[in-house]
Amino acid sequence: MKQALTAALLLALATAPALAADTDTVAPIDTAITLDHAPHPFNVRDLVMMQRVSDPQLSPDGRYAAFAVRSTDYAANKGVNAIEVMDLSHDGKPVTVVAKGASSPRWAPDGKSLYYVASAGGTAQLWRLDFTAGKDGLDLAAAKAPVQVSHGVLDVQAWKLSPDGRSVLLSYAVFADCGTLACTKQKQDTRAADKATGTLYKKLFVRHWDTWSDGTRNQLYLGRFDANGQLPAEPVLLSRGIDGDVPSKPFGDDSEFAFSPDGKTVYFDVRIAGRSEPWSTNFDIYKVPADGSAAPVNLTADNKAWDAYPVPSPDGKTLYYLAMKVPGFEADRFGIMALDLATGATRELDPQWDRSPGGMDISADGKTLYVTADDEGQHPLFAVDTASGKVGELVGNGSVDGYSLAGSRLLLARSDLKRPSDLYVANAEGKDLKQVTHYNAALLKNTHEGDFEFFTFKGWNNEPVQGYVVKPAGYQAGKKYPVAFIIHGGPQGAMTNGWSYRWNPQTYAGQGFAVVTINFHGSTGYGQKFTDSISGDWGGKPLEDLKLGWKAALDKYKFLDGERACALGASYGGYMVYWIAGVWNQPWKCLVDHDGVFDARMMYYATEELWFEERENGGPQYEVPQNYEKFNPIDHVKDWRVPMLVIHSDRDYRIPLSQGLGAFTALQRRGIPSEFLTFPDENHWVLKPHNSVLWHDTVNAWLEQWTAEPGAGK
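Let us look at the structure shown here.

On to the state of the cysteines. Taken as a whole and assessed by the stated rule, the structure comprises two disulfides. For Cys-178, the disulfide goes to Cys-183, at an S-S distance of 2.0 Å. Between Cys-178 and Cys-183 the disulfide shows an S-S torsion of about -60°. By sign, it is left-handed. Sulfur-sulfur distance for the disulfide between Cys-566 and Cys-590 comes to 2.0 Å. Measuring handedness by torsion sign, the sulfur bridge of Cys-566 and Cys-590 sits at about 115° and is right-handed. Pair noted here: Cys-566 is in strand E41 (residues 560-570) and Cys-590 is in strand E42 (residues 590-594), with a separation of 24 residues, a long-range link. Classification of Cys-590 by relative accessible area gives buried; the value is 0%. Here the cysteine-cysteine linkages of the chain are recorded as 1-2, 3-4, numbering only bonded cysteines and doing so in sequence order.

See the structure below:
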């Protein structure tokens, strides 16, 4: 249940949605958001209209930055992606080079062209944008007309250029029994024309995350550019004989495959499916000749846990990758592994570092690996010496949301609890950090946010536990404020010093609430033992931490009104809301549960990624039923008493809709004040702009209803 969008220069005309008297329908909200330059507390309408900066990419010479910027078309109820480029050599301003519907910008090796993905006739294709050389570098405002370079009949799922720029890796979703992309397209068209709507499944995954299986697999191909820079309609299949997805579903990307420096070999990771895929985390790394002349070879077969994210050394002699040690455990620590490609010998580079890194890249001289990792409430960028394994923090105090390296320069997307991602540059040692974009500066100048502070207390077993408090916008000393007590999901995750477009504390601070959150036992960034400690103990140590953290916050921060507090959570946080509804309901005036686990027993049989349930509960439900009942919220409904808002969406296949419906039934049957908000078009998250506004308005109205001061018009 791990997992983890937009920001705002604007204020709305709409009022909060009103629930009809006896139905679950909702009154209409605004179809437009209008700019308001007047100062005001930060709110959801600011949030959904912010520009989201992501995917920073440095040109090979380190002079130019390409990146994605998502804006919100509120009337169309969607985000719109654009690609912008800026000259970093003289504080140039960003130039929009592809205005609409483009993503994944990547520089050609010569630094004169930019490749990206955009639609062509309704199909995602690879495009190239050539820049004109000016008197001093590229003339960004005079790019030539974009050229479509791929012509497959299917959507490009992910891609990566070769080091020499003469070929490209392409991932397509295809049927295993098809030898061509055209065959898959023909089968899809035939299915679409069939008036029978039934689908017969013979194995899991029947559905995954928010999508029902259509029988296709992401497979890896290689296309070579011809003399005109065009790719063939039928590229060469590299993942021949692989029953698995390259990249993985649902969130895999181009970090799961790579070229060797000479372009002659391709490395990729994959989990072989068969019938065990839903209860396996056994990813392996394969190598295959780039010309497809031989079948892929497994390089990490000995490790039955997760091996992934290959990064070849610049000299081609070593393959670095990330590996877990515990099979079936998605939250095990990733170690950095070095594989000698000549001898096959492997060693762990960083066994002494008790963090789980990701987002790995390597310096041009091969001496330094760059990684990000959660670390005590922050998400910094680290440098790892490839010889000694020594780890040093380069850029901290916030969250590094993405980065790119070229020569001696770093380009970073960076955020914190008060600022969404913007771009920064630094040298390769993380020094001379400088902000170079300011996309939401005007909006943030006119919005009031709450200041935040991390604190540490003695939690379960007297071990140190961290949390943070966000003050209400417009905080006044000596005044007490109602509290939103937010419980994070995962459960192997954390509430860190970073910006969020879903559970953003500033949206509550803007409504006059203080926010308290606790990174309880099971959270990431405090060592693997701390993370491991939640497995098999969902309602134990974490609950103790939440209780002790709540008390510590009340003792330390006198502006918190403990008599006017509500607890909120999603995913595992939603599970915990259902759990505390029965076993720790005394402090709360109301509860908000988003996509939580209500019945642990049925959750096992209804979810899709079974490895998670089996690891957390010590095995399948039919083998250890007592483990699933130990902390099962459904068994404590008789003790529920606190008013609760339940939110659950139709396309959530991680924690299916029936969990939320069951909880709402329990609340209604018990006569407890309760409401149920559902979205037929959302998954485990709420992503569409209008739905996000409705979600926040509904939650805020619920909090305000139950935390209003006596005599305040209740």
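Our focus in this paragraph is the sheet that holds strand E30 (residues 381-385). Read from one edge to the other, the open sheet built from four strands follows the order E28-E29-E30-E31, with strand pairing classed as antiparallel. Of all strands in the sheet, those bounded by a partner on one side alone are strand E28 (358-362) and strand E31 (391-395). Direction aside, the axes of adjacent strands within the sheet are offset by 30° on average. In terms of strand pairing, E30 meets E31 through four bridges, oriented antiparallel.

Turning next to unusual backbone geometry. A negative phi angle characterises most non-glycine residues, just as the trans form characterises most peptide bonds. Each neighbour pair has its own omega, and for Lys-249 with Pro-250 the value is 5°, a cis peptide bond. Structurally, the position occupied by Pro-250 is in the loop between strand E19 (236-237) and strand E20 (257-259). Note the cis peptide between Gly-490 and Pro-491, where omega equals 0°. Structurally, Pro-491 can be placed in the loop between strand E39 (481-487) and helix H4 (505-509). Positive phi values are uncommon outside glycine, yet Tyr-309 reaches one of about 65°. Relative to the helices and strands, Tyr-309 resides in strand E24 (residues 307-312). Look at Tyr-309 and you get partly exposed, because its relative accessible area is 23%.

Turning our attention to the packing of aromatic side chains. The description of two aromatic rings rests on the distance between their centres and on the angle between their planes. Applying the stated rule across the entire model yields 47 aromatic pairs. Between Trp-538 and Tyr-572 the ring centres are 5.0 Å apart and the planes differ by 85°, which places this aromatic pair in the edge-to-face class. Of this pair, Trp-538 sits in the loop between helix H5 (528-532) and helix H6 (541-556) while Tyr-572 sits in helix H7 (residues 572-583); the two residues are 34 residues apart in sequence, bridging distant segments of the chain. In this structure, Arg-52 packs its charged tip against the face of Tyr-501, placed 4.1 Å from the ring centre. The ring centre of Phe-175 lies 5.7 Å from the NZ or CZ of Lys-187, which sits over that ring.

An order of E37-E38-E40-E39-E41-E42-E43-E44 is seen for the eight strands of this open sheet, with the pairing classed as mixed. A single partner strand is all that each edge strand has here, and the edge strands are strand E37 (452-458) and strand E44 (674-677). Each strand of the sheet is rotated relative to its neighbour by a mean of 20°, with strand direction disregarded. Against the sheet, helix H12 (residues 689-707) makes contact with E39, E41, E42, strand E43 (644-647) and E44, and its axis sits at roughly 160° relative to E42, the strand it touches most.

Counting buried positions along strand E40 (residues 514-519) gives six out of six residues, so the element sits mostly inside the fold. Of the two faces of E40, the one lined by Ala-514, Val-516 and Ile-518 and the one lined by Val-515, Thr-517 and Asn-519 are each fully buried. Pairing analysis gives five bridges linking strand E38 (residues 464-470) to E40, with the strands arranged antiparallel. Looking at the pairing, Val-469 lines up with Val-516 of E40. Sheet analysis places E39 next to E40, joined by four bridges and oriented parallel. When the sheet's bridge partners are listed, Phe-485 is paired in E40 with Val-516.

Definitions and limits used
Residues numbered from 1 in each chain as written. Predicted model: local features only at pLDDT ≥ 70, side-chain atom pairs only at ≥ 80, totals over all residues. Heavy atoms only, no water. Disulfide = S-S within 2.5 Å. Helix = DSSP H or I, 4+ residues; strand = E, 2+ residues; numbered from the N terminus. Buried < 20%, exposed > 50% of the residue type's maximum accessible area, 1.4 Å probe, protein only. Pairing = 2+ DSSP bridges. Axes fitted to C-alpha atoms, helices over the stretch in contact; angles between N-to-C directions. Phe/Tyr/Trp six-rings, centres within 6.5 Å; stacked < 30°, edge-to-face > 60°. Lys NZ or Arg CZ within 6 Å of the ring centre and 35° of its normal. Contact = heavy atoms within 4.5 Å.

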